[in-house]
Amino acid sequence: MNASGDRSPEQDEATAAAAGTEESAAAPDAEDLPERPADGDADRVGAQKSASAEAVVAGPGDLPAEAPEQEPGPPPPHPSRRGMFGVADTGDTSGYGRLVARDTNPVRHGSTPRPWGDEYDSVGDALEAAVAEYGAAVERVLVDRDELTLFVRREHLVEVAQALRDDPALRYEMCMGVSGVHYPEDSGRELHAVYPFLSITHNRRLRVEVTCPDEDPHIPSIVELYPGNNWHERETYDFFGIIFDGHPALARIEMPDDWVGHPQRKDYPLGGIPVEYKGATIPPADERRAYN
C-alpha cells in the first residue's frame with residue numbers, strides 16, 4: 001500500500017521534484033560563500049565588527065546614532081541665608097532659625113539696564129532732568145518684580161525727595177514713611193532706610209533706599225518736605241539707631257529713653273532681657289518731655 005494513501009505515482013514524483021528544488025535553493029554554491037579570514041586576521045576582523053556595532057545602532061536604515069542631547073544642568077545656587085535676626089545656635093523658639101531665605105535679586109550691586117518699561121523709563125527721564133547731579137545722587141536703579149527702587153546717596157536724599165514731590169512729571173505727593181533694615185554683612189552700608197513714595201496724580205509708586213555705616217549712622221531728615229514722616233523717623237531711630245539729622249525732635253517713640261540698644265537690629269540679643277519697668281512712675285503733665 002502506498003504510504004501516501006490515495007495519491008498517484010505522478011503526484012509523488014512532482015512532490016519529490018519540488019523538495020529537491022527547495023534544497024538546492026537553500027544550499028549556496030561554493031563560489032557564493034564568503035572567504036574565510038586567515039587565523040592572523042581574526043582578531044582584526046573581530047575588533048572592526050565590535051567598533052561598527054558601537055558606532056551603529058539598529059534602527060530605520062541602520063543610520064549612525066545621533067549623540068544624545070545634554071540635559072541642561074541646574075542653575076547656580078542663589079546666595080542664601082538661614083534664620084533671621086542674626087540667630088545662630090541659640091535656643092530660638094520662634095521657628096525662624098529653620099527659615100532659609102534665598103536671594104533672587106537679578107542684579108547684584110548694579111543697575112537694571114534700560115528699557116525698564118514705558119512708565120518707569122518716563123520716571124527715570126523726569127528725575128534725571130529734575131536733579132542737577134543725578135549721576136552723583138542716584139547710586140543705582142533696580143527694577144525687580146515690577147517695582148522700581150532708586151538707591152540714593154544720603155547726602156543727596158533731600159534734593160531727590162524734593163524733586164519727587166515738586167516736579168510736575170513726578171508729583172510723588174506722599175511719602176508713606178520710612179523703614180529700617182540692618183544688614184550686618186554689608187560692610188560700610190550696614191543700615192538701610194527705605195522710603196516708599198506714592199504719586200496720587202499719576203497713580204504710581206516707587207521706593208527710595210538710602211544706606212549708612214554702623215560707625216556713622218546719620219541720614220538727613222525729610223520731615224520738612226514730608227511732615228508725616230516725623231514719627232516714622234523716630235521709630236526707625238528707636239529700633240535701628242539711624243540718626244535723622246535735622247529732625248525737629250528726634251527721640252525714642254516705643255522704648256524708654258534710657259533703653260540700651262536698638263531692638264530690631266540683627267545683633268540685638270533675643271530673649272534674656274531683664275524687666276525694666278518695676279517701680280516706674282509717670283511724671284506730671286507739666287514735667288513731661290516736650291517733643292517740639
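Higher on the page you've got the structure.
Basis of the calculations
- Per chain, residues are indexed from 1 in the order of the written sequence.
- Restriction of local features to residues with pLDDT of at least 70 applies here, the model being predicted, together with a cutoff of 80 or more for giving and counting side-chain atom pairs; totals for whole chains, interfaces and linings are based on all residues.
- For the side-chain quantities, the full set of heavy atoms in the structure was used; hydrogens and water were omitted.
- By the criteria applied, helices consist of DSSP H or I runs no shorter than four residues and strands consist of E runs no shorter than two, each listed in order from the N terminus.
- Throughout, exposure labels follow a simple rule: accessible area from a 1.4 Å probe, protein chains only, divided by the maximum for the residue type, with under 20% read as buried, over 50% as exposed, and the rest as partly exposed.
- When checking whether two residues touch, look at their non-hydrogen atoms; a contact exists if any pair is within 4.5 Å.
- All accessible areas in this document rest on Shrake-Rupley with a 1.4 Å probe, and a residue is counted as covered only by the protein chains that are shown.
- Nonpolar cores are built from buried Ala, Val, Leu, Ile, Met, Phe, Trp, Tyr and Cys residues. Side-chain atoms within 4.5 Å join them into one set.
- Note on pairing: two strands pair once DSSP finds at least 2 bridges between them.
- Whenever a carboxyl oxygen of Asp or Glu lies within 4 Å of a side-chain nitrogen of Lys or Arg, that contact is scored as a salt bridge.
- In protein, a polar contact requires one atom able to donate a hydrogen and another able to accept it; more generally it is a pair of N or O atoms within 3.5 Å, and residues adjacent in sequence count only if both atoms are side-chain atoms.
- Patch members must show over 30% relative accessible area and no salt bridge, and they are joined within 9 Å when carrying like charges or within 5 Å when they are nonpolar side chains of Val, Leu, Ile, Met, Phe, Trp or Tyr.
- Stacked, tilted and edge-to-face are the three classes applied to pairs of Phe, Tyr and Trp rings, where Trp contributes its six-membered ring and a pair requires centres within 6.5 Å; stacked means planes under 30 degrees apart, edge-to-face means over 60, and tilted covers the rest.

Trainee: What's the story with the overall build of the protein chain in this structure? I'm lost.
Mentor: Looking only at helices and strands, the protein chain features 6 helices and 10 strands. The buried share of the protein chain, taken over its 292 residues, is 29%. In the protein chain, the proportion of contacts linking residues at least 24 apart, taken out of those at least 6 apart, comes to 51%. When the accessible surface of the protein chain is split by element, carbon and sulfur atoms take 53% of a total near 19,800 Å².

Trainee: Just checking my understanding: could you explain the nonpolar core for this structure?
Mentor: Where a protein is soluble and globular, its nonpolar side chains tend to be buried together. The biggest cluster of nonpolar side chains holds 42 residues, and the ones touching the most others in it are Leu 127, Leu 164, Tyr 195, Phe 197, Leu 206, Val 208 and Ile 219. Elements that contribute at least two residues to this core include exactly α3 (118-130), α4 (134-137), β3 (138-144), β4 (147-152), α5 (157-166), β7 (191-199), β8 (204-212) and α6 (230-240). In terms of residue count, α5 provides more of this core than any other element does, 5 residues in total. Apart from residues no more than four positions distant in its own chain, Val 208 is found in contact with Leu 150, Val 152, Leu 157, Leu 164, Ala 193, Val 194, Tyr 195 and Phe 197.

Trainee: Is there a simple way to think about the pairing of strand β6 (residues 179-182) in this case?
Mentor: The side chains of a regular strand alternate between the sheet's two faces. Side chains Gly 180 and His 182 project from β6 onto a buried face, and the interleaved Ser 179 and Val 181 project onto a face without burial. Two elements, β6 and β7, share 4 bridges in a ladder whose sense is antiparallel. The residue of β7 that forms the bridge with His 182 is Leu 191.

Trainee: Sorry, what's going on with the pattern of salt bridges here?
Mentor: In a structure, side chains of opposite charge can pair up when their charged atoms sit close to one another. For the structure shown, the criterion picks out 11 salt bridges. The salt bridge involving Arg 145 is made with Asp 144; its shortest N-O contact spans 2.5 Å. Judged by relative accessible area, which is 18%, Asp 144 ranks as buried. Glu 147 is the salt-bridge partner of Arg 207, the closest N and O atoms lying 2.8 Å from each other. Of this pair, Arg 207 sits in strand β8 while Glu 147 sits in strand β4; the two residues are 60 residues apart in sequence, bridging distant segments of the chain. Accessibility expressed as a relative area gives 26% for Arg 207, which makes it partly exposed. By relative accessible area, Glu 147 is classed as partly exposed at 40%. Each of Arg 114, Asp 121 and Asp 125 takes part in a single network of salt bridges with overlapping partners.

Trainee: Would you mind showing me how to read the side chain of Thr 112 here?
Mentor: Mapped onto the elements, Thr 112 comes out in the loop between β2 (100-102) and α3. Among the polar contacts made by the side chain of Thr 112, one reaches the main-chain amide nitrogen of Val 143 at a distance of 3.0 Å.

Trainee: I'm lost on a nonpolar patch on the surface in this one. Help?
Mentor: A contiguous nonpolar surface patch, about 270 Å² in accessible area, is contributed by Met 174, Met 176 and Ile 200. One can find Met 174 in strand β5 (residues 174-175). Given the relative accessible area of 34%, Met 174 is considered partly exposed.

Trainee: Got a minute to help me understand the packing of aromatic side chains in this structure?
Mentor: The geometry of an aromatic ring pair comes down to the distance between the two centres and the angle between the two planes. Enumeration according to the criterion identifies 1 aromatic pair in this entry. Each ring, one from Phe 197 and one from Tyr 226, has its centre 5.4 Å from the other, and the planes form 70°; the classification is edge-to-face. Placement of the pair is Phe 197 in strand β7 and Tyr 226 in the loop between β9 (218-220) and α6, with a sequence separation of 29 residues. Note on Phe 197: relative accessible area 1%, which makes it buried. Residue Tyr 226 is classed as buried on the basis of its relative accessible area of 4%.

Trainee: Looking at this model, I keep getting lost on the environment of Asp 216. Mind explaining?
Mentor: As for its position among the elements, Asp 216 is in the loop between β8 and β9. When the C-alpha atoms of Asp 216 and Arg 189 are compared, they prove to be 9.8 Å apart, with 27 residues separating the residues in sequence. In terms of polar contacts, Asp 216 uses its side chain to reach the side chain of Arg 154, at 2.8 Å.

Function-wise, these values are silent; they only describe arrangement.
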